[in-house]
Structures are given as structure tokens and as C-alpha cells.
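Remarks on the overall topology
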Amino acid sequence: MNLDPLKKRIDVSTGRVPADLVVKNGKIIDVFNLEVIEGDIAIVDGHFAGIGEFKGYETIDAEGKFIAPAFIDGHVHIESSMVTPSEFSKVLLAHGVTTVITDPHEIGNVSGAEGISFMLDQSEGLPLDVRVMLPSSVPATPFENSGAALKAADLEPFYKHPRVLGLAEVMDFPAVMKGDEGMLSKIVSAASHHGVIDGHAAGLDAKGINVYRSSLITTDHECTTVEEALDRIRRGMYVLIREGSVAKNLKALIRAVTPNNARRFLFCTDDKHLDDLVSEGSVDHNVRLAISEGVSPLQAIQMATLNAAECYRLHEKGAISPGYKADFLLLDELESVSISEVFVDGKSVAKNGEYTGQTSEFAKPPIQLLTSVNMTETSAEELAISINDKDPIHVIEIIPNQLVTKKKVLPAKAANGSFTPSTSDDLLKMAVIERHRQTGNIGLGVVKGLMLKSGAIASTVAHDSHNLVVAGTNDEDMLAAVDAIQRMQGGYVIVKDGKELASVPLPISGLMSDKPFIQVNEEIIQLKSKLKRIGFNGDFDPFLTLSFLTLPVIPEIKLTDLGLFDFNTYQHITVKAE
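Remember, it's a predicted structure, so these values are computed and weren't measured experimentally.

1. A closer look at the overall build of the protein chain
- Across its full length, the protein chain carries 17 helices and 32 strands.
- Its C-alpha atoms give the protein chain a radius of gyration of 24 Å, within 12% of the compact-globule value 25 Å for 578 residues.
- Principal axes of the C-alpha set define a box for the protein chain whose edges measure 90 × 45 × 45 Å.
- A total of 578 residues make up the protein chain; the buried ones form 62% of that total.
- Taking the contacts inside the protein chain whose residues are at least 6 apart along the sequence as the reference set, 69% of them involve residues at least 24 apart.
- Just so you have it, the protein chain exposes about 21,400 Å², and 49% of that area is on carbon and sulfur atoms.

Listed below in C-alpha cells is the structure:
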């Protein structure tokens, strides 16, 4: 900070000169003491300069509204919204989120360093403050094939960027436990730059958390039970309570929050689709849900603001206090967290749920990001699963609205020596097809609980390596869906009787659209409306669910381009149960 701005801020705080902006007649939420106070708020050069009695060149009458710090999402993959950072910014600001901690892990696994650079470039100069954690696991695991590999040396140059905060979710726990030099080099590099290091402790017990904490990892967003959360808190970690589109953990975890430990909890969305962000919200939804589950409104707001800021060492954010950034919200009502207006650096950017800020034009993505679907041709023979009728097989059983799955052994139907999908038993065929380097790898499996009665669905959004994933009731529709994805260079598609019913093209690394969020949201709504045409009537998102059935670092059983993967034994297994 230069001398003159500091002098100006001091002059405003003392009342010697008027503030740029004064907010009067508001009920100020003090997240330090968890109380509501009153007074004028002075703002100068985008920072709070004082609370008391002030005069300003401009005045806002809050008319008795509550004034809260703006919200912070502690962990989010922007790519999961399916829009670019600039469009994502418009959606989140309308919901009171002015800062996000993002991990460009998804695009990193497809497009490597070029993908990370794209996300940094596209988020520059936005009213949404996009802070970046560098992907720790590209590839995510050695049990699948991704489009890139990033070593510590590849990540090192990015630490010079002012918005890079540290190392993102370390999900390869075996590599950490075994002391793998490649993984430890990334951790040491982040630590040498005083970076925060995020964890991914899915399924880990207290002994596993000992390993992570000894490795300088300070956060986890993968808790699903109260005891898991408390194990992490006891060992000095921050717990990020996640409420996304498929992973909805808040109701289960919020019971772990007490007045004694609440300062170690914050909120995140992790992966949330655009239509859910538009209709339901981001971290503002987490806050409302926490309040509905019995958390006091002030405590919930503290978790979404000050706790998140302190966890990620954003010392100028998360509170309405002199010296802090003037990112704040006007709330009509506290219990419902009804947001009237959103301010960034003391300037209004959204009102009554609508973005009102400026729209910037950004350059098109580089060509390598627009040509990321590189596959060999897939035949019906390659989709055949060789079994006999009534053979016991390993099955991936979906748990609706959860990332974890169950490993089942069930009898299957077969004809001519190959598995036959059964809609009556809800046993469908699933395939993961490598789409980055034309290896020809195809992993095959059987999924239960997807609830399709006909047709097929496919996508290039398949965490974390983002190969092409397809599931269906017959090979013909599955192949037609694969062909449609190739033509679009990525996205989502529904096929029935060989015909495309609906699609959402995602040409940027097969993950994001280059269209405005309003248009993309309409495409998503149209896509989901067509699911009824193939008999789906579940209370979960089958596309989002399918995208996580390919994630081998989550229990119990998943499918990669190399085949079925058993999380408990950490090895691939055959479809036929021996």
C-alpha cells in the first residue's frame, strides 16, 4: 500500500475529510462478536474506514436493512457451472458471493497449464474476486488417463500470480502416505510460497487425518458425518461444509457445529450446476439452509464470511470493519437472508437478484481448448461385456445426491454371452471412453439406480479426468450419444431411438460453454425436461450423478477408462464377480 492512500484513509477515519460513501441507518452485523450494532459506515477507495458518525460525498440510506459482509465460497470448480468465469461472476454476484476460492482442476486435467492460464486470464478484472488454488492432482490418480500431467515444476511459475493462494485439494492420499516425491514436491513448493494447502480426505479415518495434517494440509471438504468432521477439527483442520448439486452434506454435518468449534467451519459448493446456481443460489443457499437447521443467523453469516477469509488468509475480507474491503450486502430480512443489494469495493453490482454491473468482452479460448475431444471410433463390439446369463457381477449402485456409491454383487441378464441391460432391474450399461489421446481405452461397467427406461445419456464432464462417459439401455443409443458428443466437441446429450432429443454443447475443453449464462441455463432446462422422454423420474440429476461415477478417489466403486475400480482395495476389478 502506498503512503497517500493510507493517509487518505486515516483522514476519513478521523472525520477530517469526507468519505467517498457513507451508509446510514443500517443494522451492522458484527461477525467478531456475533451481534448487531448501529452507526454510519464510512468507505474510501473501496475500503471501510470507520463505523460511527461520518459525512460523505455520497450517502446511501439503508432504511433499517441489515448490513452483512459479502459471502465467500471456500471451494468451487467454476468449470462445473458450465460457463466461463465472466459469466459465472454475474450469477454469483447476484447471490451475494463476491469472492471465490476456485480450483481449476477440471480444465487442468483436460488442457493442462493452458487451461489454468485460460481461467486466470478470463477471471482478471472481474467484480467477482476469483482466488485460485493450483491443481495438485493432474492426473487425479494413476488409475485413469487424463489429458495432461502437471508436475511441481509446471505449477511453480503460477505462484507469481497475485491471485494464486496455494495448492488445491490433495486427493491422492496413497501418494502422500507413501511419501511419493512428486506429490511431496508440490506440497513443499506450495509451502515455500506460504500457500494454503487443501485436502480431500474422503473416507479417511483419524489416522489418515494425522498423515494429512503432518503434510501441512489444513482443510477438508469431503466430510459426510459428524464424527468425520470432529476428527478433522480435533486435529486442527478447517472443515468446509459442502452443499452442491450432487453432494449435499450440510444437513448431516451442521450438527457438528457448536459455539466452541464454529470458527473452524466454513461453507463451499464444490460442484454446482448453472441451473441450480441461478434458481437456488451459491453459498447464500448454504447460509439459509444452516439457519433452517437451527444455526443462529449471525453464526451462519460468520461461517460464510470471516471464517472463510481467515482460512484462506484473506485478511482484508470477511467483516465490516475499518481496513477491510468494502464488500457487503444489504439484507431485507435476517432469517431468510433476502439480499436487496450487493456491493463490491463500495460500488453496487447487483440488486434484487439481478447483476447490474458492467459486462466485459473477453477473447476467445485458444484453439487447443476448443478441440479437446480426440477419440478413436467406438464400435458395438467394444461395448460388449462378456458374461453368461445369471452370472454374478460387480455393480455400481448409486446413492441419490451423494458422491459415494455402493459396491454390489448381483445376478445379471445376458444374451449370446454378453450383458443385457434390464430396465425392470434398473441395471444399465455404462462406458468410460478415453477422449484425450486416442488410446482406444474403454472401461465398461454396470450401474444400478440411474432410473432410465429407454435411450442413453452421455457427457464429457466426468470427474476428474473428464473422459467421455455414457450410460444407456441399449448399445445403439449409446453409440449415437457418443457420436453426438464428438460432433459437439464436448457437452451433454440425450438420445432415444438413435435420435438426439436435447444437448448442451460445451466446446471449451469439453467442460464450458462460450455462450451467455442465460442462454446456457435455458439449454440445461431444456435438456432436463427431455429426461422424461427416456423415462427418468428420479429426484436427482442423472447427468451430474453420472459425472461422479468416474471418480476413483471416492468410495466405494467407480468406473474409469481402465475399467471398474474398487476404492477399498485401490485396484481395478473385473465386471464378473469371481
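So, next bit.
2. Overview of the packing of helix α11 (residues 283-292) against helix α12 (residues 297-304)
- Across the interface, α11 lies against α12 with an axial gap of 9 Å and an inter-helix angle of 150°. Considering their axes alone, α11 and α12 lie roughly antiparallel with respect to each other. Crossing handedness for the pair α11 and α12: right-handed. On the side of α11, the interface is formed by V283, V287, A290 and I291, while α12 contributes P297, A300, I301 and A304.
- Considered class by class, the residues forming the contact of α11 with α12 number 8 nonpolar, no polar and no charged.

3. Some thoughts on the pairing of strand β16 (residues 328-333)
- Where strand β7 (residues 66-69) lies against β16, 4 bridges are found, and the strand directions are antiparallel. Paired with P69 across the two strands is F328, which belongs to β16.
- By the bridge criterion, 5 bridges tie β16 to strand β17 (residues 338-344) in an arrangement that is antiparallel. Directly across from L329, in β17, lies its bridge partner V342.
- Linking β16 back to β17 in an antiparallel pair, the connection comprises 4 residues, with V337 at a positive phi of about 50°.

4. Digging into the nonpolar core
- One finds F71, I241, V287, L331, M430 and L450 to be the most contacted residues of the largest nonpolar core, which totals 169 residues.
- The element contributing the most residues to this core is helix α15 (residues 475-488), with 7 residues.
- Apart from the residues lying within four places of it in its own chain, the contact partners of V287 are F71, F267, A300, I301, A304 and V337.

5. Some points on the environment of F48
- Summarising the element assignment, F48 is placed in strand β5 (residues 47-52).
- When the C-alpha positions of F48 and G323 are compared, they lie 5.6 Å apart, and in sequence the two are 275 residues distant.

6. Some remarks on the environment of G491
- When you line up the elements, G491 lands in strand β28 (residues 491-496).
- Ignoring anything within four residues of it in the chain, the contact list for G491 reads A458, S459, T460, I485, V504, P505, L506 and G510.

7. Let's talk about the side chain of D271
- The residue D271 is located in the loop between β15 (265-268) and α10 (274-279) in this model.
- Contact partners of D271, with chain neighbours within four places excluded, come to H77, S80, E106, G244, S245, H463 and F548.

8. Digging into the packing of aromatic side chains
- For the coordinates displayed, the defined rule picks out 10 aromatic pairs.
- Centre to centre, the rings of F32 and Y324 are 6.2 Å apart; their planes meet at 75°, and the pair counts as edge-to-face. Of this pair, F32 sits in the loop between β2 (27-30) and β3 (35-38) while Y324 sits in the loop between α13 (306-311) and β16, and the two are 292 residues apart along the sequence.
- Under the relative-accessibility criterion, Y324 is labelled buried at 16%.
- Pairing F536 with F540 gives two aromatic rings, centres 5.2 Å apart and planes at 85°, and the pair type is edge-to-face.
- Residue F536 is classed as buried on the basis of its relative accessible area of 8%.

9. Focus: the sheet that holds strand β21 (residues 405-411)
- Pairing within the open sheet is mixed, and its 8 strands lie in the order β21-β20-β25-β24-β27-β26-β28-β29. Each edge of the open sheet is held by one strand with a lone partner, namely β21 and β29 (499-505). Geometrically, the sheet is characterised by an average inter-axis angle of 25° between neighbouring strands, direction not taken into account.
- Here strand β24 (residues 427-433) pairs with strand β25 (residues 442-448) via 7 bridges, running antiparallel. Bridge pairing links A431 to L444 in β25.
- In the packing of helix α16 (residues 517-529) onto the sheet, contacts are made with β28 and β29, and the angle to β29 comes to roughly 150°.

10. Focus: the pattern of salt bridges
- For the structure shown, the criterion picks out 30 salt bridges.
- With its nearest N and O atoms 3.4 Å apart, the salt bridge here joins E63 to K65.
- A residue is classified by how much of its surface remains accessible, and K65, at 15% relative accessible area, is buried.
- The salt bridge partner of K272 is E280, with a shortest N-O separation of 2.8 Å.
- Taking the relative accessible area as the measure of exposure, E280 reaches 28% and is therefore partly exposed.

11. Some points on the UniProt feature "domain: Amidohydrolase-related" (unreviewed entry) in the protein chain
- Sequence positions flagged by UniProt for "domain: Amidohydrolase-related" (unreviewed entry) are, in local numbering, residues 66-349.
- Secondary structure content for residues 66-349 is 36% helix and 21% strand, and the end C-alpha separation is 18 Å.

Reading the values: rules and limits
Residues numbered from 1 in each chain as written. Predicted model: local features only at pLDDT ≥ 70, side-chain atom pairs only at ≥ 80, totals over all residues. Heavy atoms only, no water. Helix = DSSP H or I, 4+ residues; strand = E, 2+ residues; numbered from the N terminus. Rg over C-alpha atoms; globule rule 2.2 N^0.38 Å. Buried < 20%, exposed > 50% of the residue type's maximum accessible area, 1.4 Å probe, protein only. Contact = heavy atoms within 4.5 Å. Areas by Shrake-Rupley, 256 points an atom, 1.4 Å probe, with all protein chains shown as cover. Axes fitted to C-alpha atoms, helices over the stretch in contact; angles between N-to-C directions. Parallel < 35°, antiparallel > 145°, perpendicular 65-115°, else oblique. Left-handed = near helix turned anticlockwise from the far one by under 90°. Nonpolar A, V, L, I, M, F, W, Y, C, P; charged D, E, K, R; others polar. Pairing = 2+ DSSP bridges. Core = buried A, V, L, I, M, F, W, Y, C linked by side-chain atoms within 4.5 Å. Phe/Tyr/Trp six-rings, centres within 6.5 Å; stacked < 30°, edge-to-face > 60°. Salt bridge = Lys/Arg side-chain N within 4 Å of Asp/Glu carboxyl O. UniProt positions renumbered as here; feature names shortened; annotations may be inferred.

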